[in-house]
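Summary of structural features
Listed below, chain by chain, are the residues.
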Amino acid sequence: MQRNNQKGSQKLPKSIQIGNLQVPEDYFKLHSVDKETVCVMVMNDILDIIDKQLPQHINRLDFLDKVLDSSIVTNLEEEEYLVVQVLTDIKQLING
């Protein structure tokens, strides 16, 4: 995870990076539809990586679920609560 706190002529919103995507630090304040859009984008990015590297006989959604569980624990330990919330929201999308 990387933080973006750039200042200067280009004013970018403060964000964190999950995979190749920027997640706004005000994620908690986003409307539920916008949160879902962010989660789907992050999930698709992760699934693209999984699809390229995971043997086909392994269920990609089960694998993603395990990766999310592990990542949530790690980010809780590192007190990265925004990342934890995004990953938890992704798990809810997957598991209904």
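This report concerns the structure included in the present document. None of the values given here were measured: they were computed from a predicted structure.

Analysis parameters
Residues numbered from 1 in each chain as written. Predicted model: local features only at pLDDT ≥ 70, side-chain atom pairs only at ≥ 80, totals over all residues. Heavy atoms only, no water. Core = buried A, V, L, I, M, F, W, Y, C linked by side-chain atoms within 4.5 Å. Buried < 20%, exposed > 50% of the residue type's maximum accessible area, 1.4 Å probe, protein only. Helix = DSSP H or I, 4+ residues; strand = E, 2+ residues; numbered from the N terminus. Contact = heavy atoms within 4.5 Å. Phe/Tyr/Trp six-rings, centres within 6.5 Å; stacked < 30°, edge-to-face > 60°. Lys NZ or Arg CZ within 6 Å of the ring centre and 35° of its normal. Patch = residues over 30% accessible without salt bridge, like charges linked within 9 Å, V, L, I, M, F, W, Y side chains within 5 Å. Areas by Shrake-Rupley, 256 points an atom, 1.4 Å probe, with all protein chains shown as cover. Salt bridge = Lys/Arg side-chain N within 4 Å of Asp/Glu carboxyl O. Expected span 1.5 Å × (residues − 1).

Thoughts on the nonpolar core
A general feature of soluble globular proteins is that nonpolar side chains tend to end up buried together. V23, Y27, L64, V86 and I90 are the most contacted members of the largest nonpolar core, which has 20 residues in total. Of the residues forming this core, the biggest block, seven residues, is contributed by helix α1 (residues 32–53). Ignoring sequence-local partners within four residues, the contact set of L64 consists of M43, I46, L47, I50 and I94.

Section: the packing of aromatic side chains
On inspection of all chains with the given rule, the structure shows one aromatic pair. Judged by centre distance (6.4 Å) and plane angle (70°), the ring pair of Y27 and F28 falls under edge-to-face. When the ring centre of Y27 is taken as reference, the NZ or CZ atom of K35 above it lies at 5.5 Å.

Brief notes about a nonpolar patch on the surface
Where nonpolar side chains cluster on the molecular surface, the patch consists of F28, L76 and Y81 and spans about 320 Å² of accessible area. Structurally, Y81 can be placed in helix α3 (residues 81–95). According to the relative accessible area criterion, Y81 is partly exposed, its value standing at 47%.

Observations regarding the pattern of salt bridges
The tally for this structure, following the rule as stated, stands at three salt bridges. Linking R60 and D51 is a salt bridge whose minimum nitrogen-to-oxygen distance equals 2.7 Å. A relative accessible area of 35% means that R60 is categorised as partly exposed. Salt-bridge contacts for D65 lead to K91; the nearest nitrogen and oxygen are separated by 2.6 Å. Here D65 is found in helix α2 (residues 60–77), whereas its partner K91 is found in helix α3, with 26 residues between them in sequence. Grouping residues by exposure puts D65 and K91 together as buried. Among the charged side chains, a salt-bridge network with shared partners connects D65, D69 and K91.

As for α1
A rise of 1.5 Å per residue sets the reference length of α1, with its 22 residues, at 32 Å; its end C-alpha atoms lie 32 Å apart and thus fit the reference within 8%. If you check which residues of α1 are buried, you get V38, C39, V42, M43, D45, I46, L47 and I50.

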